[in-house]
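What follows is each chain in one-letter form.
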Amino acid sequence: QVQLVESGGGLVQAGGSLRLSCAASGSIFSIYAMGWYRQAPGKQRELVATIITSGGTTNYEDSVKGRFTISRDNAKNTVYLQMNSLKPEDTAVYYCAANLRHIAVLYWGQGTQVTVSS
C-alpha cells in the first residue's frame, strides 16, 4: 500500500504562485510514476502533470505548460508542483496520485484546495 499526503494549497490572487507538495510512504519501491490531478466544482477530474519516478520524464496538460513545473526528490519520496502565473480557471482541488508497477490501480491523496481570486 501507498499513502500520499498533500500540502501547500491556499488562496492567491491571479498572477501569484503556489508550491504543492506530495509525500509518499509505504511501498515506495513499487511506485512507477506520480502526478497531479485537479477537479473544479461540477467538472471532471483532469490530469495536470506526471513524472516518472526513475527517469524523471515529465508531461503536462496543455493549459499549464510554461506555468507549472512538476519535480521530484526521490530521497524524500516527495513530488512537487510549482504553480506560477496562476489564473482563476486554475481554481480546483488538487490531488496527488501514484501509479504502481504492473498494477492497474491509482493511489490518491486527500486533496488540497487551490483558489485563485480575480
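As a starting point, this report considers the structure included with it.

Here's the deal with the pattern of salt bridges
Oppositely charged side chains can form a pair if their charged atoms are brought close together.
Consideration 1: One pass over the full model with this rule turns up five salt bridges.
Consideration 2: For Asp62, the salt bridge goes to Lys65, with nearest N and O atoms at 3.1 Å.

With respect to the nonpolar core
In a soluble, globular protein the nonpolar side chains are often hidden away together inside.
Consideration 1: Met34, Trp36, Leu81, Met83 and Tyr94 are the most contacted members of the largest nonpolar core, which totals 28 residues.
Consideration 2: Elements represented by at least two residues in this core include exactly β1 (2–7), β3 (18–26), β4 (31–39), β5 (46–52), β7 (68–73), β8 (78–83), β9 (92–100) and β11 (112–117).
Consideration 3: The element that contributes the greatest number of residues to this core is β9, accounting for five residues.
Consideration 4: Excluding residues that lie within four positions of it along the chain, Tyr94 makes contacts with Glu6, Leu20, Trp36, Tyr37, Arg38, Val48, Phe68, Leu81, Met83, Gly111, Thr112 and Val114.

Remarks on the sheet that holds β8
Note on sheets: strands pair through backbone hydrogen bonds, and any given pair is parallel or antiparallel.
Consideration 1: Ordered by their spatial adjacency, four strands build an open sheet running β1-β3-β8-β7, and the pairing between neighbours is antiparallel. Each of the sheet's edge strands pairs with one partner strand only, and the pair in question is β1 and β7. Each adjacent strand pair in this sheet contributes to an overall mean axis angle of 15°, direction not counted.
Consideration 2: The sheet contact formed by β3 and β8 spans six bridges and is antiparallel. Pairing of Ala23 across the sheet is with Thr78, part of β8.

Points about the pairing of β7
In summary, the side chains of a regular strand alternate between the two faces of the sheet.
Consideration 1: Pairing geometry for β7 and β8, over six bridges, is antiparallel. Across the sheet, residue Arg72 finds its bridge partner in β8, namely Val79.
Consideration 2: Following β7, the chain reverses through four residues before pairing antiparallel with β8; Asn77 in that reversal takes a positive phi of roughly 50°.

A short note on unusual backbone geometry
In most cases, non-glycine residues show a negative phi, while peptide bonds are predominantly trans.
Consideration 1: The phi torsion at Ser85 lies on the positive side, around 50°, for a residue other than glycine.
Consideration 2: Among the structural elements, Ser85 can be located in the loop between β8 and β9.
Consideration 3: By relative accessible area, Ser85 is classed as partly exposed at 42%.
Consideration 4: A positive phi angle, near 65°, is found at His102, a position not held by glycine.
Consideration 5: Within the secondary structure, His102 is located in the loop between β9 and β10 (106–108).

A few points about the packing of aromatic side chains
Consideration 1: Under the definition given, this model contains two aromatic pairs.
Consideration 2: Here the aromatic residues Tyr37, Tyr95 and Trp108 are joined through ring pairs into a cluster of three or more.
Consideration 3: Residue placement shows Arg45 over the ring face of Tyr95; its charged tip is 3.8 Å from the ring centre.

Details of the side chain of Thr78
Consideration 1: Examined against the element boundaries, Thr78 turns out to sit in strand β8.
Consideration 2: In terms of polar contacts, Thr78 uses its side chain to reach the backbone carbonyl oxygen of Lys76, at 2.9 Å.
Consideration 3: Once you skip the residues sitting within four places of it in the chain, Thr78 turns out to touch Cys22, Ala23, Ser71, Arg72 and Asp73.

Cut-offs used in this document
- Residues numbered from 1 in each chain as written.
- Predicted model: local features only at pLDDT ≥ 70, side-chain atom pairs only at ≥ 80, totals over all residues.
- Heavy atoms only, no water.
- Salt bridge = Lys/Arg side-chain N within 4 Å of Asp/Glu carboxyl O.
- Core = buried A, V, L, I, M, F, W, Y, C linked by side-chain atoms within 4.5 Å.
- Buried < 20%, exposed > 50% of the residue type's maximum accessible area, 1.4 Å probe, protein only.
- Helix = DSSP H or I, 4+ residues; strand = E, 2+ residues; numbered from the N terminus.
- Contact = heavy atoms within 4.5 Å.
- Pairing = 2+ DSSP bridges.
- Axes fitted to C-alpha atoms, helices over the stretch in contact; angles between N-to-C directions.
- Phe/Tyr/Trp six-rings, centres within 6.5 Å; stacked < 30°, edge-to-face > 60°.
- Lys NZ or Arg CZ within 6 Å of the ring centre and 35° of its normal.
- Polar contact = N/O pair within 3.5 Å; in protein donor to acceptor, adjacent residues only side chain to side chain.

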